[in-house]
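Remarks on the overall topology
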Amino acid sequence: MTEITFTPSELTKYIHKKLNQDKYLNSFQLTGEISNHSSPPSGHHYFAIKDDESLIRCVLFRGGAGQENLKDGNEVIAEGKMSIYQPRGEIQFIADSVKVQGEGSLQQKFEKLKAELEAQGLFDESRKRDIPKMPKTVGIVTSKTGSVLQDIINVIQRRYPNLKLIISDTRVQGENASSSIVESISLMNKLDNIDVIILARGGGSIEDLWPFNEEIVAREIFKSRIPIISAVGHETDFTISDLVSDLRAPTPSAAAEIISPDIASLKESINLKLRELNLSFNGKVENLKNRFFLSMDRILNFKIETSINNLKISSLKDNLNLTLDVKIKEIKFTLLNLENSLSHLNIDKVFEKGFFLTQLKSDKSIIKDFKNINKGDHILISNSNETLEAEAIKVKNDKGE
Amino acid sequence: MVDNSFEDKLKELEKAVRRLEEEELTLDQSKILYKEGIKLAKECNQLLEDTELEITELKKELESKEF
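Along each chain, residue indices are assigned from 1 in the same order as the chain's sequence is written. Whichever chain is written first becomes A and whichever ligand is written first becomes 1, with later ones labelled in order. Local features in this predicted model are restricted to residues whose pLDDT is 70 or higher, and side-chain atom pairs enter the listing and the counts only when it is 80 or higher, whereas totals over whole chains, interfaces and linings include all residues. Side-chain measures were taken over the full set of non-hydrogen atoms in the model, leaving aside hydrogen atoms and water.

Observations concerning the overall build of chain A
Each helix and strand counted, chain A has nine helices and 13 strands in total. Three labels apply to residues, based on accessible area from a 1.4 Å probe with only protein chains included: buried if under 20% of the type maximum, exposed if over 50%, partly exposed otherwise in between. Taken over 401 residues, chain A has a buried fraction of 34%. Contact definition: two residues touch when any of their heavy atoms are within 4.5 Å. Taking as baseline every contact in chain A between residues at least 6 positions apart, the subset at least 24 positions apart corresponds to 60%. The numbering of helices and of strands both runs from the N terminus, where a helix is a DSSP run of H or I of at least 4 residues and a strand a run of E of at least 2.

Quick notes on the overall build of chain B
The number of helices and strands found in chain B is two helices and one strand. With an accessible surface of roughly 4700 Å², chain B has 48% of that area assigned to carbon and sulfur atoms. Residue burial considers only the protein chains on display, and all accessible areas are found by Shrake-Rupley using a 1.4 Å probe.

With respect to the interface of chain B and chain A
In this complex, chain B contributes 37 residues to the contact, which on the side of chain A involves 40 residues. Salt bridge criterion: a side-chain nitrogen from Lys or Arg within 4 Å of a carboxyl oxygen from Asp or Glu. Where chain B touches chain A, the interface holds three salt bridges. Between Lys-136 of chain A and Asp-8 of chain B there is a salt bridge whose closest N-O contact spans 3.9 Å. Whenever two N or O atoms come within 3.5 Å, that pair is a polar contact, provided that in protein one can donate a hydrogen and the other can accept it, and provided that, for residues adjacent in sequence, both atoms are side-chain atoms. At the junction of chain B and chain A, the tally comes to ten residue pairs in polar contact (both at pLDDT 80 or more). Of all the elements in the fold, those that place two or more residues in the side of chain B that touches chain A are helix H1 (6–22), helix H2 (27–50) and strand E1 (54–58) of chain B. A total of eleven residues in the side of chain B that touches chain A trace back to one element, the largest contributor, which is H2 of chain B. Polarity classes work like this: nonpolar for Ala, Val, Leu, Ile, Met, Phe, Trp, Tyr, Cys and Pro, charged for Asp, Glu, Lys and Arg, and polar for all others, with Gly in that last group. Tallied by class, the residues present in the side of chain B that touches chain A amount to 17 nonpolar, seven polar and 13 charged.

Here's the deal with the confidence of the model for chain B
All names here are of chain B. As a per-residue measure, pLDDT reflects the predictor's confidence and takes values from 0 up to 100. Across chain B, pLDDT averages 77, with 82% of residues at or above 70. Per-element averaging of pLDDT across chain B places H1 at the bottom with 84 and E1 at the top with 87. For this predicted complex, the interface score ipTM comes out at 0.73, while the overall pTM is 0.53.

Some thoughts on the nonpolar core
The criterion is simple. A nonpolar core is a set of buried Ala, Val, Leu, Ile, Met, Phe, Trp, Tyr and Cys residues joined through side-chain atoms within 4.5 Å. Core analysis: the largest hydrophobic core is formed by 42 residues, its most contacted members being Val-138, Ile-152, Ile-156, Ile-259 and Ile-270 of chain A together with Phe-6 of chain B. Counting 30 residues, the second largest nonpolar core, distinct from the first, contains Phe-110, Val-141, Ile-221 and Val-232 of chain A.

Observations concerning the sheet that holds strand E12 (residues 378–382) of chain A
All names here are of chain A. Here three strands make up an open sheet; going across it, the order is E11-E12-E13 and the pairing antiparallel. This sheet does not close on itself; its edge strands, each paired only once, are strand E11 (357–360) and strand E13 (387–391). With strand direction ignored, the average angle separating the axes of adjacent strands in the sheet is 25°. Any two strands between which DSSP finds at least two bridges are classified as paired. Each axis is a line fitted through C-alpha atoms, taken for helices only over the stretch in contact, and angles between the N-to-C directions span 0 to 180 degrees.

Focus on the pairing of strand E7 (residues 164–169) of chain A
One ladder, built from six bridges, connects strand E6 (residues 137–142) of chain A with E7 of chain A; its direction is parallel. Opposite Thr-142 of chain A, over in E7 of chain A, you have Asp-169 of chain A as the bridge partner. By the bridge criterion, five bridges tie E7 of chain A to E1 of chain B in an arrangement that is parallel. Looking at the pairing, Leu-165 of chain A lines up with Ile-55 of chain B of E1 of chain B.

What to know about the packing of aromatic side chains
Between 30 and 60 degrees the pair is tilted, below 30 it is stacked and above 60 it is edge-to-face, where a pair is any two Phe, Tyr or Trp rings, Trp via its six-membered ring, whose centres lie within 6.5 Å. In total, this model carries four aromatic pairs over all chains according to the counting rule given. Here Arg-248 of chain A stacks its cationic end above the ring of Phe-238 of chain A, 3.9 Å away from the centre of that ring. Cation placement over rings: the criterion is NZ of Lys or CZ of Arg within 6 Å of the ring centroid and within 35° of the ring normal.

Things to note about the pairing of E6 of chain A
All names here are of chain A. Among the six residues of E6, six are classified as buried, and the element is accordingly described as predominantly covered. Convention used here: a crossover is right-handed provided that the path from the first strand, over the helix, to the second strand proceeds clockwise when the strands point away from the viewer. Crossover E6 to E7 through helix H3 (residues 147–159) is right-handed. Sheet topology places E6 next to strand E8 (residues 196–201); four bridges connect them, and they run parallel. Its bridge partner lying in E8, Gly-139 is registered against Ile-197.

Looking at H1 of chain B
Multiply 1.5 Å by the residue count of a helix minus one, and that product is the helix's expected span. In a regular helix each residue adds 1.5 Å, so 17 residues correspond to 24 Å; H1 of chain B covers 24 Å between its end C-alpha atoms and thus fits that length. Buried within H1 of chain B are the following residues: Phe-6, Glu-7, Lys-9, Leu-10, Leu-13, Ala-16, Val-17 and Leu-20 of chain B.

Let's talk about the pattern of salt bridges
Should the charged atoms of two oppositely charged side chains come close, the side chains can pair. Under the defined criterion, the tally for this structure stands at 16 salt bridges over all chains. We note a salt bridge from Glu-57 of chain B to Lys-144 of chain A, for which the minimum N-O separation is 3.0 Å. Taken together, the positions of Glu-57 of chain B in strand E1 and Lys-144 of chain A in the loop between E6 and H3 put the pair across two chains. We classify Glu-57 of chain B as partly exposed; its relative accessible area is 25%. Residue Lys-144 of chain A is classed as partly exposed on the basis of its relative accessible area of 42%. Salt-bridge contacts for Lys-289 of chain A lead to Glu-286 of chain A; the nearest nitrogen and oxygen are separated by 4.0 Å. Here Lys-289 of chain A pairs with Glu-286 of chain A, and both are found in helix H8 (residues 263–345), just three residues apart, close to one helical turn. For Lys-289 of chain A, a relative accessible area of 42% translates into the label partly exposed. Judged by relative accessible area, which is 41%, Glu-286 of chain A ranks as partly exposed.

Notes on a nonpolar patch on the surface
A patch consists of residues exposed above 30% relative accessible area that lack any salt bridge, with like charges linked at up to 9 Å and nonpolar side chains (Val, Leu, Ile, Met, Phe, Trp, Tyr) linked at up to 5 Å. Taken together, Ile-4, Phe-6, Leu-11 and Tyr-14 of chain A make up a surface patch of nonpolar side chains, about 390 Å² in accessible area. With respect to the secondary-structure elements, Phe-6 of chain A resides in the segment before helix H1 (8–21).

So, the sheet that holds strand E2 (residues 45–50) of chain A
Residue and element names in this part refer to chain A. Taken in spatial order, the five strands line up as E1-E2-E3-E5-E4 and close into a barrel, and their pairing is mixed. If you compare each strand with its neighbour and ignore which way they point, the axes differ by 55° on average. With four bridges connecting them, strand E1 (residues 28–38) and E2 associate as antiparallel partners. Counterpart to Ile-34 in the pairing with E2 is Ile-49. Strands strand E4 (75–85) and strand E5 (90–100) of the sheet are contacted by H1, whose axis makes an angle of about 135° with E4.

Some points on the packing of H1 of chain B against H2 of chain B
All names here are of chain B. Relative to each other, H1 and H2 sit at 150°, their axes nearing to 9 Å. By the criterion of interaxial angle, the relationship of H1 to H2 is roughly antiparallel. Pair H1 / H2 crosses with left-handed handedness. Taking contact as the criterion, the partners of Phe-6, Lys-9, Leu-10, Glu-12, Leu-13, Ala-16, Arg-19 and Leu-20 in H1 are, on H2, Ser-30, Leu-33, Gly-37, Leu-40, Ala-41, Glu-43, Cys-44, Leu-47 and Leu-48. Here the contact of H1 with H2 is built from residues that sort into eleven nonpolar, two polar and four charged. For classification, angles of less than 35 degrees are called roughly parallel, those exceeding 145 degrees roughly antiparallel, those between 65 and 115 degrees roughly perpendicular, and all remaining angles oblique. Rotating anticlockwise by less than a right angle from the far helix to the near helix defines a left-handed crossing, while the corresponding clockwise rotation defines a right-handed one.

Right, dumping it as structure tokens:
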């Protein structure tokens, strides 16, 4: 058994004290749906805020803000604290103000401005400029004291120290942050050597990041002559700045990587170019050499072929001459022989020697012997131009028969 | 000399390689391009070796007159 005993009034007082001391219950927002709203002549408003499972009794005293929002069914956000109504021992929420949910909230403002600026073309993809791949000078708009700047410097130092950074120390949170951002961007645009601006801030609540959702910041980004990379908050945070900027980087370090080519891969690409250079030059020389040698070959071959052909032709000619000579001699010789033979055959010469041609008159046959010659046969005895007709009288042989 | 930066040299180098690869050049022209390319590559590497991150802070009070 416990030894603590309360009377109702002691208990309600104790609860009251506890509620007042509580870190959260002393000031917070309660959100849900209005129900059972009543407004008696006292001017106070009694209602409940509920969700699907629970219901909390609430009161908004006369003069509290947002009385017009107290309609059953409205989704609201009420700001106030928990208390206990001592006469009845009921705990209740004492509201200082009631807003219809969304309206006036940062999220609502964000959506409203986003829609407006979108309609005005501030987010158009077509106006986004390319981020230089190898900038020489980079402007950084962020707080000099935050870790964000150091993160950016570290990344660039590691990847591509061949850069000039121009930092504009800027308030990125709280009052005047938006005008500080605007001023920095505007200053950077007055310099003529900045290739790209990184607008950066570390992670935080929507309130922390709020300056990057302000219209003046959006308009200044839009106006900037220099391309801007917005790197605000964590990867999951989206701001109006992200939308207007030429590029959104998920984090400040990522932005630094985007503008800094990796020095190691740059060196690699230089070596690659060098190899290509060597290759194509050597190729060119090799090609010329080949053409030269090819031409030389052809010239030499041509000469050799020509001389071989010449040789062939002259030997053919010799052959031909030789053959012709022989033939001609042969022919000449034959002709001579023929001439000789013919000269033997010349009948006149025979006649000159006293020989005649004898023929039997009856059949004109040449008489080579006298076997068939009979007494009384007529015989023709001719030389080249005369003929004598004679008659056989007596045929005698060697024996005189 | 500021303008003759690493980026410009790298671009020049790339151009030299492209011309050497694509164009019908005489041996002399090729030789000049080749030498030029080698020189550029050396200078590029040198620039990367020697390079150091330069950080300047913009003073809002002074406006941009310092720069």
